[in-house]
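# Tertiary structure, described
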Amino acid sequence: MTTEDVVRRHSHVPPIDRHQPLTSYRIQVSPAFDFAAVEQIVPYLASLGITDVFFSPILQAAPGSMHGYDVVDHERISADLGGIEGFRRVSRAIHDAGMHLIVDVVPNHMAVPTPLFHNRALWSVLRDGADSPYDGWFDIELSDAGDGLLMPVLGNRIGQVLAAGEISIEDMVVPGFESEGETKVVRYYDHVFPVRRGTEALPLAELLDAQYYRLAHWRVANEELNYRRFFDVDTLAAIRVEDPRVFTASHALLLQLQGEGLIDSFRIDHPDGLADPRGYFRNLHEATGGAWSVAEKILEGDEALPTDWPCVGTTGYDTLQRLQGLFTDPAGLPELTQLYGELSDSADSLASVETAAKRQIIATSLFAEVDRLANILADICHSDVRLRDHTFRSLRDVVVELVVHMDRYRAYVVPGERPSAEDERVLRQAAEKAGRVLDEDRQDSLSVVVDILLGNEIGSAGRTHEARRNEVIVRFQQVCGAVMAKGVEDTTFYRYTVLASANEVGGGPRHFTTTPDQFHDFQARTHLTWPVTMSTLSTHDTKRCEDVRARIAPISQYADEWIALLAQARELVSQARPAALDGQAENLLWQTLIGTWSEAGPIDMDRLGAYLLKAAREQKSWTTWTEQNVAAEEALVSYAQAILADEAVSELLSAFHERIKPAIRTMILGQKAIQMTAVGVPDTYNGEEITQTSLVDPDNRRPVDFTALVEMLSKLDRDGLPAVPSLDQEKLWITSRLARMRKAHPELATAECGYQALPVSTGYALAFARTIGDEPVLVTASLRHLPDTFGDYTIVLPEGRWRNVLTDDLTDGGTQNLEAVLGRFPAAVLERVHG
């Protein structure tokens, strides 16, 4: 079969004239590490073997942004990063070095910055309403009759703020609107807002009441916010990229740069927030000529990416979940679950913890979104005489239960189309669970709501495709994703802390382990449907980096020893333990300590303390971001300080780290070898070619010492691995050798390259071959867990002669001793020797 045949057969592979990445390296560009800084490391990335440099968002972001996801201007490359000329220089340098460029795109939202004029589009809309050229850009409704767009920025209620004289009207030349000269603006400290034309002469209170926005106390947001956000972040307002005008304008510069050959591929941020993800990818596919593009889509369990999305796959959380599970030992989970129950003083199941967390999110930070959804349904029912007796309260109860019982981010029902069998199953399954907790009077309302959400005929004839019904179909799916993200990832994962390594984006404690057969099945399915998807082990969004997870996961193999250690260590610091210390947080603290323990000992207390505060507030049990229990937070951090200050406890943790170090090494190197050779395009995150101790953002955006990495790689290339290498050296060795191997064998990142499980005589290991046609061309074998004694385990290699890419050792096909095949590493990658 020719490459052209494969492309024609495969809708999820770029066409022949579009670039296909082989490996990628994620760079967190920021004002502290801008385009000029990236230019300096281009030779290093090329030497590493990387084929594609992967940039975080590059468009102009809000003042002080360190990540770029808060875009304020789609027409400019970030001046903080070096502007358009800086970007052209770094892109040319990357391409001149034989590499290509992937860029992160943020289609779902824009920033609501301080001051507001940094977002020219939003400023224009809030000043001119329907007369603005940006009218329709934002997911808002502005009218003379309404209160206006809620701006919850005030420190007190509006009456108190006005009485205190804290709001003023000033004349200023607004940046971005200099040609208009001085204009009237509303100022509240650092916040600056436009004045609607024709209202300038009104008294202050009347003037504020006449605007297209409503200034309000920040606490009003949860209950009355009237614009769609990125989850529950008030400073990120959604845009209507489903509107062709908005799509064209918000993507014009990036598409222009792609047309110039300066951008090759795209990563699409949070498509689940969009009104029509499939439509978006169709537009992008057409606009880019089918460029390699991946969706940051979080798949729950065995959920599959919709096959009608014209992209190449996901950003790799689905692969991360399976790899994480491969190296987690199921034998220790019962003991760790019991320990968690004792520390947390809770017998609540994961399902009950998750349900309670979702309910809390709906009752607090996403109250306004759910309320808005219920109001639309109430309007639909009230306007139809056949549905009029379904009350707002009844409909709201139904919506809450449906959202709570969705088992994934969303379904993909498109208004006007018959839902797929899978989307209908997902919604009806949620309805079945919701029905178990709704009283009899709500059951009829539940049936009505489900039919509306599926686009079925319900109520009076001929009303199925009315605009409000279409709107509620879309908004329900968007709300489901927000509640899932905030209730599960950002709450449950900080509460149900049985084994924190499993609490990862795209995974979670429902998916502690993966068997070899499950991994092989997943890889076979991926090859058939998404052969050039991305795979990852760490991203800017992971709750902890791959190496921290690799230090926590072995607890499952040494559960009894870990439990004994905790009993002893907790006794040693019992006097320092706060009386009201939350057990879920304490369990997470101890696991975080061992997860960040390295040869140098524990991480810096400042980093640990900052992480613990974020984790506790995300947990939302005894402190939150908006209602901080300062005394309890300080007590938690003080307890952590006492632990690190106690020499006996430090010795215990250091000894346990030494005890599990072989298992840590096995996971760090094994999962990297598998990721680099399995189906898809492996991404390496910002410095993860050596071991790290990074926790959740912003900790994982700390500067990377590229000078040290350049020196280490150069020394390895010159002298080879030392007799007793460090784990950093070994990880860099494996990453670089396998990246270079992939570059030499581009066929590995094509639909033609198949996947075949290979037999091993022990569950402690896993092996597979990559094939071209029916011929194996590459073999990967890796330990999953370290046996007490290695034993006479075997692997059956395909016939022929094989060279270990990592050691240059040669071996024959057929049944071979596994330990001999692996050699000095816990993983081996073998390429066929021809002739």
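Scoring rules and cut-offs
- Residues numbered from 1 in each chain as written.
- Predicted model: local features only at pLDDT ≥ 70, side-chain atom pairs only at ≥ 80, totals over all residues.
- Heavy atoms only, no water.
- Helix = DSSP H or I, 4+ residues; strand = E, 2+ residues; numbered from the N terminus.
- Rg over C-alpha atoms; globule rule 2.2 N^0.38 Å.
- Buried < 20%, exposed > 50% of the residue type's maximum accessible area, 1.4 Å probe, protein only.
- Contact = heavy atoms within 4.5 Å.
- Domains from an automatic or database assignment.
- Buried area = accessible area lost by both parts, 1.4 Å probe.
- Salt bridge = Lys/Arg side-chain N within 4 Å of Asp/Glu carboxyl O.
- Polar contact = N/O pair within 3.5 Å; in protein donor to acceptor, adjacent residues only side chain to side chain.
- Pairing = 2+ DSSP bridges.
- Axes fitted to C-alpha atoms, helices over the stretch in contact; angles between N-to-C directions.
- Lys, Arg positive; Asp, Glu negative; His and termini not counted.
- Phe/Tyr/Trp six-rings, centres within 6.5 Å; stacked < 30°, edge-to-face > 60°.
- Lys NZ or Arg CZ within 6 Å of the ring centre and 35° of its normal.
- Expected span 1.5 Å × (residues − 1).
- Core = buried A, V, L, I, M, F, W, Y, C linked by side-chain atoms within 4.5 Å.
- 1 Å grid on protein atoms, 1.4 Å probe; cavity = no way out; pocket = protein on both sides within 12 Å on 5 of 7 lines; lining within 4 Å.
- Points joined across faces, edges and corners; volume = space filled by probe spheres on them.
- Nonpolar A, V, L, I, M, F, W, Y, C, P; charged D, E, K, R; others polar.
- pLDDT = per-residue confidence, 0-100.

The secondary structure content of the protein amounts to 27 helices and 24 strands. Against the 2.2 N^0.38 benchmark of 28 Å for 835 residues, the protein shows a C-alpha radius of gyration of 28 Å, consistent with a compact globule. Once the C-alpha set of the protein is aligned to its principal axes, its extents read approximately 85 × 65 × 55 Å. Within the protein, the proportion of its 835 residues that are buried is 61%. Long-range contacts, defined as pairs at least 24 residues apart, comprise 73% of the intrachain contacts of the protein with a sequence gap of at least 6.

Turning to the domain arrangement of the protein, a few remarks are in order. Bring the parts together and some accessible area is lost; that lost area is often taken as the interface size. Each assigned domain of the protein is listed here: domain 1 (3–108 + 241–315), domain 2 (116–237) and domain 3 (353–489). The distance between the C-alpha centroids of domain 1 and domain 3 comes to 34 Å. The interface is formed by 14 residues belonging to domain 1 together with 11 residues belonging to domain 3. Approximately 1000 Å² of surface area, both sides summed, lies buried where domain 1 meets domain 3, with 52% of it carried by carbon and sulfur atoms. Between Arg278 and Glu417 there is a salt bridge whose closest N-O contact spans 2.5 Å. For the pair domain 1 and domain 3, the number of links is 6 residue pairs in polar contact (both at pLDDT 80 or more).

Turning to the sheet that holds strand 5 (residues 100–105), a few remarks are in order. Strand order in the open sheet made by the 8 strands is 16-15-14-5-2-1-18-17, with parallel pairing throughout. Two strands close off the open sheet at either side, each with one partner strand: strand 16 (313–314) and strand 17 (534–535). Its contacts with the sheet put helix 9 (residues 277–288) on strand 5, strand 14 (265–268) and strand 15 (293–295), and the angle it makes with strand 14 is roughly 165°.

With that out of the way, let us pick up the sheet that holds strand 23 (residues 810–817). In space, the 6 strands of this open sheet follow the order 19-20-21-24-22-23, with antiparallel pairing throughout. This sheet does not close on itself; its edge strands, each paired only once, are strand 19 (753–757) and strand 23. Between one strand axis and the next, the sheet turns through 25° on average, direction left out of account. Across 7 bridges, strand 22 (residues 794–804) lies against strand 23 in antiparallel orientation. When the sheet's bridge partners are listed, Arg803 is paired in strand 23 with Leu810.

Moving on, we get to unusual backbone geometry. With omega at -5°, the peptide bond leading from Thr114 into Pro115 counts as cis. Mapped onto the elements of the fold, Pro115 is located in the loop between strand 6 (109–111) and helix 4 (120–128). The backbone of Lys620 sits at a positive phi, close to 65°, despite the residue not being glycine. Locating Lys620 in the fold gives a position in the loop between helix 22 (605–619) and helix 23 (630–645). Even without glycine at this site, Asp808 takes up a positive phi of about 70°.

Let us now look at the side chain of Asp329. You can see Asp329 is positioned in the loop between helix 10 (317–326) and helix 11 (333–344). Notably, Asp329 is buried but unbridged: the nearest opposite-charge side chain belongs to Arg784, and the N-O separation is 7.3 Å. Among all residues touching Asp329, those that are not within four sequence positions of it are Thr513, Ser556, Gln557 and His785.

On to the pattern of salt bridges. Applying the stated criterion to the full structure yields 71 salt bridges. Linking Arg418 and Glu424 is a salt bridge whose minimum nitrogen-to-oxygen distance equals 3.0 Å. According to the relative accessible area criterion, Arg418 is exposed, its value standing at 57%. Accessibility expressed as a relative area gives 16% for Glu424, which makes it buried. Across the salt bridge formed by Glu775 and Arg832, the nearest N and O atoms sit 3.3 Å from each other.

When strand 8 (residues 167–173) meets strand 9 (residues 182–188), the two strands line up antiparallel, connected through 7 bridges. Paired with Ile167 across the two strands is Tyr188, which belongs to strand 9. Strand direction decides the pairing type here: strand 9 and strand 10 (residues 191–194), joined by 4 bridges, are antiparallel. Bridging from a neighbouring strand, Val185 pairs with Pro194 of strand 10. In sequence, strand 9 turns back onto strand 10 through a hairpin of 2 residues, with Tyr189 there showing a positive phi of about 55°.

This structure, assessed with the given rule, holds 18 aromatic pairs. Aromatic pair Phe247 and Tyr280: ring centres 5.7 Å apart, planes at 70°, arrangement edge-to-face. With Phe247 in helix 8 (residues 244–259) and Tyr280 in helix 9, this residue pair connects regions lying 33 residues apart in the sequence. The class of Tyr280 is buried, set by a relative accessible area of 2%. Here the aromatic cluster, defined as three or more aromatic residues joined through ring pairs, consists of Phe247, Tyr280, Phe281, Trp309 and Tyr412. The ring of Phe54 carries Arg26 above its face, with NZ or CZ at 4.7 Å from the centroid.

Turning our attention to helix 26 (residues 727–744). Each full turn of the α-helix corresponds to 3.6 residues, which orients residues three or four apart in the same direction. Across its 18 residues, helix 26 extends 26 Å between first and last C-alpha, which sits within 8% of the 26 Å expected from 1.5 Å per residue. Counted residue by residue, helix 26 has 13 buried out of 18 residues, so it is predominantly covered.

Now for the nonpolar core. The biggest cluster of nonpolar side chains holds 143 residues, and the ones touching the most others in it are Ile27, Phe55, Phe87, Trp562 and Trp590. The element that contributes the greatest number of residues to this core is helix 24 (residues 647–677), accounting for 13 residues. Here Phe55 is in contact with Arg26, Ile27, Val29, Phe35, Val38, Phe87, Val90, Ile94, Leu101, Ile102, Val103 and Asp104, once residues within four sequence places are set aside. Residues Ile380, Val426, Val449 and Val488 belong to the second largest nonpolar core, which totals 57 residues.

Time to look at empty space enclosed by the protein. Within this structure, the stated rule accounts for 9 cavities of 30 Å³ or more. Size it by volume and the largest cavity reaches roughly 200 Å³. Lining the largest cavity we find 18 residues, and of these Arg228, Arg229, Glu369, Gln478 and Val479 sit closest to its centre. Elements supplying a minimum of two residues to the lining of the largest cavity: strand 12 (229–230), helix 13 (367–382) and helix 17 (467–489). In terms of residue count, helix 13 provides more of the lining of the largest cavity than any other element does, 5 residues in total. Broken down by class, the residue content of the lining of the largest cavity amounts to 9 nonpolar, 4 polar and 5 charged. Put simply, the second largest cavity is a space of about 80 Å³. Lining the second largest cavity are Arg26, Phe54, Arg267, Thr315, Tyr317, Met534, Ser538, Thr539, His540, Asp683 and Tyr685. Here the lining of the second largest cavity is composed, by residue class, of 4 nonpolar, 4 polar and 3 charged.

Residues at a pLDDT of 70 or more form 98% of the protein, whose mean pLDDT is 95. Below a pLDDT of 50 lies the segment residues 1–9, which in the model reaches 14 contacts outside its immediate sequence neighbourhood of four places, other chains included.

Before going further, it helps to examine the environment of Glu457. Structurally, Glu457 is set in the loop between helix 16 (440–453) and helix 17. Classification of Glu457 by relative accessible area gives partly exposed; the value is 48%. It is 12 Å that separates the C-alpha atoms of Glu457 and Glu417, two residues lying 40 residues apart in sequence. Residues within four places of Glu457 in sequence aside, it is in contact with Gly462, Arg463 and Thr464. Here Gly462 takes part through its backbone nitrogen, which lies 3.1 Å from a polar atom of the side chain of Glu457. Of note is the side chain of Glu457, whose polar atom sits 2.8 Å from the side chain of Thr464.

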